[in-house]
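If you want the building blocks of each chain, they are given just below.
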Amino acid sequence: MSTDAIDPSAATATSQDVLARLAEVIAARRDGDPDKSYVARLFRKGTDSMLKKVGEEATEVVIAAKDGQREQIVYEMADLWFHSMIVLAQFDLTPADVLAELQRREGLSGLQEFAQRSPKT
Ligand SMILES: N=c1c2ncn([C@@H]3O[C@H](COP(=O)(O)OP(=O)(O)OP(=O)(O)O)[C@@H](O)[C@H]3O)c2ncn1[C@@H]1O[C@H](COP(=O)(O)O)[C@@H](O)[C@H]1O
C-alpha cells in the first residue's frame, strides 16, 4: 500500500460502507486457506496473535504521531483499524456495534459522563 498522498475527497458519505464491506470480507475469509488469505491466517493463529498485532499497530500509530508524519499516521491507523476489526470479528462483533456505541455517546460530554460514573469521595 502506498503512503504517497492523502486525498481528503476520498472520504465520502460512503466511508461507513467501507467498514461494512471490509467486515463482510473478513467474515467470508476467516475460515479460508491461510496460505491464500492474511485474514484466514490470523484467524488460524488465534486471539493472542490478533491482539499482538493490535498492540504493534497501536505502537506504530504512536511513533508516527510523535514524529508528526501525517501520511504515516493515516497508513498506520488503517492497519490498526483493520486489525481491530479482526478482533471484533473474533468476538462476533461488527463495526456497526462500535458505531452504535459512538452514536449513543453523541451529545454527551466526556467530562460529564466521567463525573457521573466517578463521583468524588
Ligand atoms: N485491509 C487490509 C490490511 N491492512 C493490512 N493488512 C496486512 O496486515 C499485515 C501486517 O502488516 P504489517 O505491516 O504489520 O506486517 P509486517 O510488519 O510486514 O509483517 P509482520 O511483522 O506482521 O510479520 C500485512 O501483511 C498487511 O498486508 C491487510 N490485509 C488485508 N486487508 C483487507 O482484507 C482483505 C482480505 O485480505 P486477505 O485475507 O489477505 O485476502 C483485503 O482485500 C483488504 O481489504
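Residues numbered from 1 in each chain as written. Predicted model: local features only at pLDDT ≥ 70, side-chain atom pairs only at ≥ 80, totals over all residues. Heavy atoms only, no water.

Asker: Please provide a residue-by-residue account of the confidence of the model for the chain, values included.
Answerer: In the predicted model, the chain carries a mean pLDDT of 89, and 84% of its residues have values of at least 70. Here the predicted complex scores 0.85 on pTM and 0.89 on ipTM. (pLDDT = per-residue confidence, 0-100.)

Asker: Report on the site of the ligand, specifying residues and quantitative values.
Answerer: In the vicinity of the ligand there are twelve residues, among which R29, S37, Y38, K53 and E57 approach most closely. The side chain of K53 places a nitrogen or oxygen atom 2.7 Å from an oxygen atom of the ligand. When the ligand is considered free in solution it has 840 Å² of accessible area, and contact with the protein chains removes 51% of it. Looking at the shell around the ligand, the elements with two or more residues in it are helix 1 (15–29), helix 2 (38–45), helix 3 (47–66) and helix 4 (70–90). (Near = heavy atom within 4 Å. Polar contact = N/O pair within 3.5 Å; in protein donor to acceptor, adjacent residues only side chain to side chain. Areas by Shrake-Rupley, 256 points an atom, 1.4 Å probe, with all protein chains shown as cover. Helix = DSSP H or I, 4+ residues; strand = E, 2+ residues; numbered from the N terminus.)

Asker: Explain the nonpolar core to me, and be specific about the residues and the numbers.
Answerer: Taken as a class, soluble globular proteins show a tendency for nonpolar side chains to be buried jointly. I26, V39, F43, M50, F82 and I86 are the most contacted members of the largest nonpolar core, which has 13 residues in total. Elements with a contribution of two residues or more to this core: helix 2, helix 3 and helix 4. Ignoring any residue separated from it by four or fewer positions in sequence, one finds I86 in contact with I26, V39, L42, F43 and M50. (Core = buried A, V, L, I, M, F, W, Y, C linked by side-chain atoms within 4.5 Å. Buried < 20%, exposed > 50% of the residue type's maximum accessible area, 1.4 Å probe, protein only. Contact = heavy atoms within 4.5 Å.)

Asker: Would you mind going over the layout of surface pockets in detail, with residue names and values included?
Answerer: Its volume calculated, the second largest pocket comes out at about 190 Å³. Forming the walls of the second largest pocket are L19, W81, S84, M85, L88, P95, V98, L99 and L102. Contributions of two or more residues to the lining of the second largest pocket are made by helix 4 and helix 5 (95–105). Residue composition of the lining of the second largest pocket, grouped by class: eight nonpolar, one polar and no charged. (1 Å grid on protein atoms, 1.4 Å probe; cavity = no way out; pocket = protein on both sides within 12 Å on 5 of 7 lines; lining within 4 Å. Points joined across faces, edges and corners; volume = space filled by probe spheres on them. Nonpolar A, V, L, I, M, F, W, Y, C, P; charged D, E, K, R; others polar.)

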